[in-house]
Amino acid sequence: MKTRFAAEAAANPLIPHTAELIVGFIAFTLLFLVLRRAVVPMFEKAFAARTEAIQGGIEKAERAQAEAAEALQSYTAQLADARGEATKIREEARVQGAAIIEDLRSRAQEEAARITAQAHASIEAERQAAITSLRLEVGSLATDLASKIVGEALEDQARQSRVVDRFLEDLATEKGRN
Amino acid sequence: MRAFAFEGGFVPPSTADFNLPPAFGNSEFTTKPILLVFLSVILVSVFFVAASRKALVVPTKLQFAGELIYGFVRNDLGKEIIGAEFMRFVPLLFSLFTFILTNNIFGIVPLLQFPAMSHVSFPYVLAAFPFIVFHWVGIKKQGLGHYLKGIAFMPGVPKAVYVLLTPIEIATFFLVRPLTLSLRLFANMFAGHLLLLVFIMGGDHLIKGVIGLKLVAPFSFTLGIVMTFFEFMVQCLQAYIFTLLSALYIAGALSDEH
């Protein structure tokens, strides 16, 4: 019991112990050096790598999204272009078709008019030819007839012609009278 | 003390119970607290070196556990309090926290069961580190004259007040801060260990007593166990407070006005 109280008196708990001060300093310094050299840099490395990995992932995703949006936009634009082109082509085709029809129609009309005109001309020519040949023939027939009836040869061309004319005039007047 | 001595010869635990004889040999350097301090250095170093060695992006369980503690000190104590320049001080804060926490928890680890921080020498040494660092940082940042002037003559105070304030401020920065830092840790560990000794040694004594006392003994042991849990909380809290205050002092020295 006595030794205990003696020890108690000696040991004021607030008085530091030299050996413990030395050990405390050495031990803590040792731990500090180990943690600073080997542990903190490694943890920081892991943190940095993780941050980078996450950030990299996010950036990659963002890039992919932007690319997708861009592609969509370009496809939409292309589609709109194609639609516009198709409409234009249709419109052109319609206009062209109308023009072709119009052209054909006018050409046909022209052709028809030409053919009609040709026919008219040839009919007129034939009529003239018929009139001429009929006149000659009627003349010679009438002359023959008249000479036969009159019994007088009408050799003279001029006279003959005059006679025919008179005959025809008579015929015409007679016809008119009737 | 004698008043507490029961008729059965019960000796209540006292400060003498903290003066343990050398564990082996006859040297001052082989006492239990000293061996425990070395053990804590080995355990903490091995654990964190093993946890951080691979520095994986996707951590293993071990690395994750290490990062949890490291991240807590780095972010909640370093970054939050010190600000932009915090990274320089993380190794110090981290070693303080892990060293104190491990040694505190030794107080309730079976077989070890002694908090080295209940020997005041260790808190003194530990408080010296942030003490030197925060003064050094302040002097480096503001220059010796400006720094001391800032401490002695706090700006924005009427001149007459300096009569009172200057001694208080000087005492605060050079005496109160390191002393409170170390004594708070020491006293908590000392008192906590004493408390556990009271309940467990008391229970031990009661159970050897007469039948009535035997019946009371379980209550004493139960309280001893409850107090062990309570101690665990105090041990963690004290490690946190010590590191937190160190960070606050450093932050104060870094900012121009304290």
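Heads up: the structure comes first, above all this text.
From a predicted model like this one, the values you see are computed outputs, not experimental measurements.

**Some details on the overall build of chain A**
Across its full length, chain A holds three helices and zero strands. Secondary structure of chain A in N-to-C order comes out as α-α-α. Total accessible area on chain A is roughly 14000 Å²; 61% of this is exposed by carbon and sulfur atoms.

**Thoughts on the nonpolar core**
As a rule of thumb, nonpolar side chains are buried together in soluble globular proteins. Counting 57 residues, the largest nonpolar core has B:I82, B:F94, B:F99, B:L126 and B:F242 as the members making the most contacts within it. Of all the secondary-structure elements, those providing two or more residues to this core are α2 (18-151) of chain A together with α1 (32-52), α2 (61-82), α3 (90-105), α4 (121-142), α5 (144-152), α6 (162-207) and α7 (211-254) of chain B. Counting residues per element, this core draws most heavily on α2(A), at eleven residues. Among residues more than four places away in sequence, those in contact with B:I82 are B:L77, B:F89, B:L93, B:A247, B:I250, B:A251 and B:L254. One finds B:F18, B:L36, B:F114 and B:V120 within the second-largest nonpolar core, a separate group that totals seven residues.

**Points about α5(B)**
Of all the positions in α5(B), only B:Y147, B:G150, B:I151 and B:A152 are classed as buried. Lining the buried residues of α5(B) we find α4, α6 and α7 of chain B.

**Here we look at the packing of α5(B) against α6(B)**
Residue and element names in this part refer to chain B. α6 packs onto α5 with a crossing angle of 120° between their chain directions and a minimal axis gap of 7 Å. Comparing the axis directions of α5 and α6 gives the class oblique. Contact residues: α5 offers Y147, L148, I151 and A152, while α6 offers Y162, T166, E169, I170, F173 and F174. Class assignment of the residues belonging to the contact of α5 with α6 gives a composition of eight nonpolar, one polar and one charged.

**Brief notes about the packing of aromatic side chains**
According to the stated counting rule, one finds 18 aromatic pairs over all chains in the structure shown. The interplanar angle of 85° and the centroid separation of 6.4 Å between the aromatic rings of A:F43 and B:F48 together place this pair among those described as edge-to-face. Here A:F43 is found in helix α2, whereas its partner B:F48 is found in helix α1 on a different chain. Here the two residues A:F43 and B:F48 agree in accessibility, since each one is buried. Of note, B:R177 hangs over the ring of B:F173, and the distance from its end group to the ring centre comes to 4.2 Å.

**Side note on a negative patch on the surface**
Among the surface-exposed residues, A:D165, A:E169, A:D170 and A:E174 lie close enough to one another that they form a single negatively charged patch. If you trace the backbone, A:E169 turns up in helix α3 (residues 157-177).

**Topic: the interface of chain A and chain B**
Each partner contributes residues to the interface: chain A has 39 residues there, and chain B has 51 residues. Taken together, the two surfaces of chain A and chain B that pack against each other cover about 3900 Å², and 76% of this comes from carbon and sulfur. B:E67 serves as the salt-bridge partner of A:R50, at 2.7 Å between the closest nitrogen and oxygen. Only α1 (2-10) and α2 of chain A provide two or more residues apiece to the side of chain A that touches chain B. Counting residues per element, the side of chain A that touches chain B draws most heavily on α2(A), at 28 residues. For the side of chain A that touches chain B, the residue count by class is 29 nonpolar, three polar and seven charged.

**Some remarks on the pattern of salt bridges**
Applying the stated rule across the entire model yields ten salt bridges over all chains. The partner of A:R127 in a salt bridge is A:E124, and the shortest N-O contact between them spans 3.3 Å. Taken together, the residues A:R127 and A:E124, both in helix α2 and three residues apart, mark about one turn of the helix. Classification of A:R127 by relative accessible area gives partly exposed; the value is 45%. For A:E124, a relative accessible area of 36% gives the class partly exposed. Put simply, B:E85, B:R88 and B:K141 are held in one network by salt bridges that share partners.

Rules behind the numbers
- Numbering of residues starts from 1 in every chain and runs along the sequence as written.
- Each chain gets a letter, beginning with A, and each ligand a number, beginning with 1, in the order they are written.
- The model is predicted, so local features are restricted to residues of pLDDT at least 70 and side-chain atom pairs to those at 80 or more, both for listing and for counting; the totals for chains, interfaces and linings are taken over all residues.
- Only hydrogens and water are set aside; all other atoms, that is, all heavy atoms of the structure, feed into the side-chain values.
- Working definition: helices are DSSP H or I runs of at least four residues, strands are E runs of at least two. Numbering for both runs from the N terminus.
- Per-residue and other accessible areas were derived by the Shrake-Rupley procedure at a 1.4 Å probe size, with only the shown protein chains allowed to occlude residues.
- The set of buried Ala, Val, Leu, Ile, Met, Phe, Trp, Tyr and Cys residues whose side-chain atoms join them within 4.5 Å is what this entry labels a nonpolar core.
- In this scheme, a residue with accessible area under 20% of its type's maximum is buried, one over 50% is exposed, and one in between is partly exposed, where area comes from a 1.4 Å probe on protein chains only.
- Contacts are assigned to residue pairs with any non-hydrogen atoms lying within 4.5 Å of each other.
- All axes are obtained by fitting lines to C-alpha atoms, using only the stretch in contact for helices, and the reported angles, taken between N-to-C directions, cover 0 to 180 degrees.
- Relative orientations are named as follows: roughly parallel for angles under 35 degrees, roughly antiparallel for angles over 145 degrees, roughly perpendicular for angles from 65 to 115 degrees, and oblique for any other angle.
- Residue type decides the class: Asp, Glu, Lys and Arg count as charged, Ala, Val, Leu, Ile, Met, Phe, Trp, Tyr, Cys and Pro as nonpolar, and the leftover types, Gly among them, as polar.
- Centres within 6.5 Å make a pair out of two Phe, Tyr or Trp rings, where for Trp the six-membered ring is used; the pair is then stacked when the planes are under 30 degrees apart, edge-to-face when over 60, and tilted otherwise.
- Ring-over charges, as used throughout, are those where CZ of Arg or NZ of Lys falls within 6 Å of the ring centre and within 35 degrees of the ring normal.
- Only residues whose relative accessible area exceeds 30% and that form no salt bridge enter a patch; like-charged residues are grouped when within 9 Å of one another, and nonpolar side chains (Val, Leu, Ile, Met, Phe, Trp, Tyr) when within 5 Å.
- What counts as a salt bridge is simple: a side-chain nitrogen of Lys or Arg found within 4 Å of a carboxyl oxygen of Asp or Glu.
- When charges are counted, Lys and Arg are positive and Asp and Glu negative, with His and the chain ends excluded.
- For charged residues, the charge sits on one atom: NZ in Lys, CZ in Arg, CG in Asp, CD in Glu.
- Throughout, the accessible surface (probe 1.4 Å) given up by two parts as they are put together, summed over both, is called the buried area.

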